Amino acid sequence: MKPYRSMLFVPGHKSSWAEKAIASGTDAVILDLEDSVPAADKADARKTVRETIARLRGQGVRADIWVRPNSVDSGLFGADVEEVVTPGLTGLFLPKVFDAEEIVRIDAVVSHIEERDGVEAGSVGLIVSYETAVAMAHCEEIAAASPRVASLLGATGPSADVGRELGFEFTPEGLETLFLRSRIVLAARANGLHHPVAGVWQDIADLEGFRKFAEDNRRLGYRGIVLIHPSHVALANEVFTPSPEKVDHYRRMIAAFREAEAAGSGAVDFEGQHIDLAHAKTAEGIIELAEAVAKN
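Residues numbered from 1 in each chain as written. Predicted model: local features only at pLDDT ≥ 70, side-chain atom pairs only at ≥ 80, totals over all residues. Heavy atoms only, no water.

**What about the pattern of salt bridges?**
Now for step 1: Going through the model one piece at a time under the given rule, you end up with 25 salt bridges.
Now for step 2: Of the charged contacts in the structure, one is a salt bridge between aspartate 35 and lysine 96, with a shortest N-O distance of 3.7 Å. Linking aspartate 35 in the loop between β2 (28–32) and α2 (42–59) with lysine 96 in the loop between β4 (91–94) and α4 (100–117), this pair joins segments that are 61 residues apart in sequence.
Now for step 3: Among the ionic pairs, arginine 105 bridges to glutamate 101, the shortest N-O distance being 3.3 Å. Highlighted residues: arginine 105 and glutamate 101, both in helix α4, separated by four residues, approximately one helical turn.
Now for step 4: The exposure class assigned to arginine 105 is partly exposed, which follows from its relative accessible area of 42%.
Now for step 5: The network of salt bridges with common partners includes Arg211, Lys212, Glu215, Asp216, Arg219 and Glu238. (Salt bridge = Lys/Arg side-chain N within 4 Å of Asp/Glu carboxyl O. Helix = DSSP H or I, 4+ residues; strand = E, 2+ residues; numbered from the N terminus. Buried < 20%, exposed > 50% of the residue type's maximum accessible area, 1.4 Å probe, protein only.)

**Focus: the packing of aromatic side chains**
Now for step 1: For the coordinates displayed, the defined rule picks out five aromatic pairs.
Now for step 2: Residues tyrosine 4 and tryptophan 66 carry aromatic rings whose centres are separated by 6.2 Å and whose planes lie at 85 degrees to one another, so their mutual orientation is edge-to-face. Of this pair, tyrosine 4 sits in the segment before β1 (6–11) while tryptophan 66 sits in strand β3 (residues 64–68), placing them 62 residues apart in sequence. The burial state of tyrosine 4 is the same as that of tryptophan 66; both residues are buried.
Now for step 3: A ring pair is formed by phenylalanine 9 and phenylalanine 93, whose centres lie 5.6 Å apart and whose planes are at 80 degrees; its orientation type is edge-to-face. Here phenylalanine 93 lies in strand β4 and phenylalanine 9 lies in strand β1, a separation of 84 residues in the sequence. Accessibility assignment for this pair places phenylalanine 9 and phenylalanine 93 in one class, buried.
Now for step 4: Among the aromatic residues, those joined into a ring-pair cluster are Phe170, Trp201 and Phe213. (Phe/Tyr/Trp six-rings, centres within 6.5 Å; stacked < 30°, edge-to-face > 60°.)

**Considerations on the packing of α2 against helix α3 (residues 77–84)**
Now for step 1: In contact at an axis separation of 9 Å, α2 and α3 are set at 25 degrees when each is read in the N-to-C sense. With respect to their mutual orientation, α2 and α3 come out roughly parallel. As for how α2 packs across α3, the hand of that crossing is right-handed. For the pair α2 and α3, the contacting residues are Arg46, Lys47, Val49, Arg50 and Ile53 in the first and Ala79, Asp80, Glu82, Glu83 and Val84 in the second.
Now for step 2: Here the residues of the contact of α2 with α3 are counted per class, giving four nonpolar, no polar and six charged. (Axes fitted to C-alpha atoms, helices over the stretch in contact; angles between N-to-C directions. Parallel < 35°, antiparallel > 145°, perpendicular 65-115°, else oblique. Left-handed = near helix turned anticlockwise from the far one by under 90°. Contact = heavy atoms within 4.5 Å. Nonpolar A, V, L, I, M, F, W, Y, C, P; charged D, E, K, R; others polar.)

**So, the nonpolar core**
Now for step 1: Core analysis: the largest hydrophobic core is formed by 61 residues, its most contacted members being Leu31, Val67, Leu92, Tyr130, Leu152 and Ile225.
Now for step 2: If near-sequence neighbours (up to four positions away) are discounted, leucine 92 is found in contact with Trp66, Val67, Pro69, Val81, Val84, Val110, Val124, Gly125, Leu126 and Ile127. (Core = buried A, V, L, I, M, F, W, Y, C linked by side-chain atoms within 4.5 Å.)

**Details of the confidence of the model for the protein**
Now for step 1: Model confidence for the protein is summarised by a mean pLDDT of 93, while 99% of its residues fall at 70 or above.
Now for step 2: The secondary-structure element of the protein with the lowest mean pLDDT is helix α7 (residues 161–166), recorded at 82, while β4 shows the highest, at 98. (pLDDT = per-residue confidence, 0-100.)

**Brief notes about α3**
Now for step 1: Within α3, burial applies to Phe77, Asp80, Val81 and Val84. Taken end-on, α3 shows its buried residues confined to a sector of 90 degrees, consistent with a single buried face.
Now for step 2: In this structure, the buried residues of α3 make contact with α2, β3, β4 and α4. (Arc of directions from axis to C-beta.)

**A short note on the environment of lysine 246**
Now for step 1: Relative to the helices and strands, lysine 246 resides in helix α11 (residues 244–262).
Now for step 2: Spatially, the C-alpha atoms of lysine 246 and glutamate 288 are 12 Å apart, while their sequence positions differ by 42 residues.

**A few points about the side chain of asparagine 70**
Now for step 1: Structurally, asparagine 70 can be placed in the loop between β3 and α3.
Now for step 2: In terms of polar contacts, asparagine 70 uses its side chain to reach the side chain of lysine 42, at 3.0 Å.
Now for step 3: Not counting chain neighbours up to four residues away, the residues in contact with asparagine 70 comprise Leu33, Glu34, Lys42, Leu76, Phe77, Asp80 and Pro95. (Polar contact = N/O pair within 3.5 Å; in protein donor to acceptor, adjacent residues only side chain to side chain.)

Pasting the structure below:
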């Protein structure tokens with residue numbers, strides 16, 4: 001999966017909001033059929049989301065389009081995916097997953113719909129949101145359950161499903177979820193998923209708090225964040241884009257190492273730091289991330 005610095009939720013039954021989300025500059029839009037859609041509107045919301053996907057595809061929008069269906073245990077998942085697995089859909093953002101077997105079943109359902117409806121085989125990805133205690137206890141198995149799994153979400157917002165499941169009290173510092181967030185990053189990287197996403201900051205007006213929350217998660221290894229308001233998009237994109245200064249620093253590091261390597265040395269003093277091949281590989285990774293982000 002390409003890196004998403006920002007993924008913005010849009011209520012699926014609010015068709016006109018999708019263009020507003022696109023205009024915000026978000027890297028991906030998540031059309032929501034779950035918590036933001038009232039129960040009485042869910043059937044109509046499915047049709048609206050399908051129409052929105054087709055419309056945005058026709059417009060050739062830059063942002064990728066994801067859909068959050070209702071969870072499997074809600075009894076609504078089947079009807080959701082029957083409607084929204086259609087050309088133009090990048091993938092499903094899965095809420096309230098429990099175990100790896102559930103991912104395998106979802107993979108089978110999606111594969112069937114792709115084949116039946118002429119959607120490119122394997123084109124629909126999955127992002128897993130860890131919102132249940134059972135899922136967190138089986139974090140690694142879920143990450144490895146299907147080649148469709150493109151990324152993992154470390155959801156740690158206040159007073160939401162994760163907090164209720166685990167009983168923690170949210171703090172901006174996040175020590176109560178540090179183990180969980182770290183484990184999700186480890187599960188992602190161990191399975192070749194290099195762009196895990198964090199979430200969710202709910203205090204819309206507190207932009208400084210949001211910046212710190214995003215920066216803390218970036219330092220932990222997250223490469224983007226899920227958002228609930230367009231006003232957070234620009235800041236998220238800034239936080240999760242390697243700065244020009246950082247990119248320049250790492251380009252100089254690589255050049256210094258290659259020069260030393262050409263002279264027969266496996267290590268070199270670079271601006272007061274001892275560097276070797278490991279550091280050069282890290283530098284190349286940062287540059288690759290910056291170049292990938294620039295293509296979004």
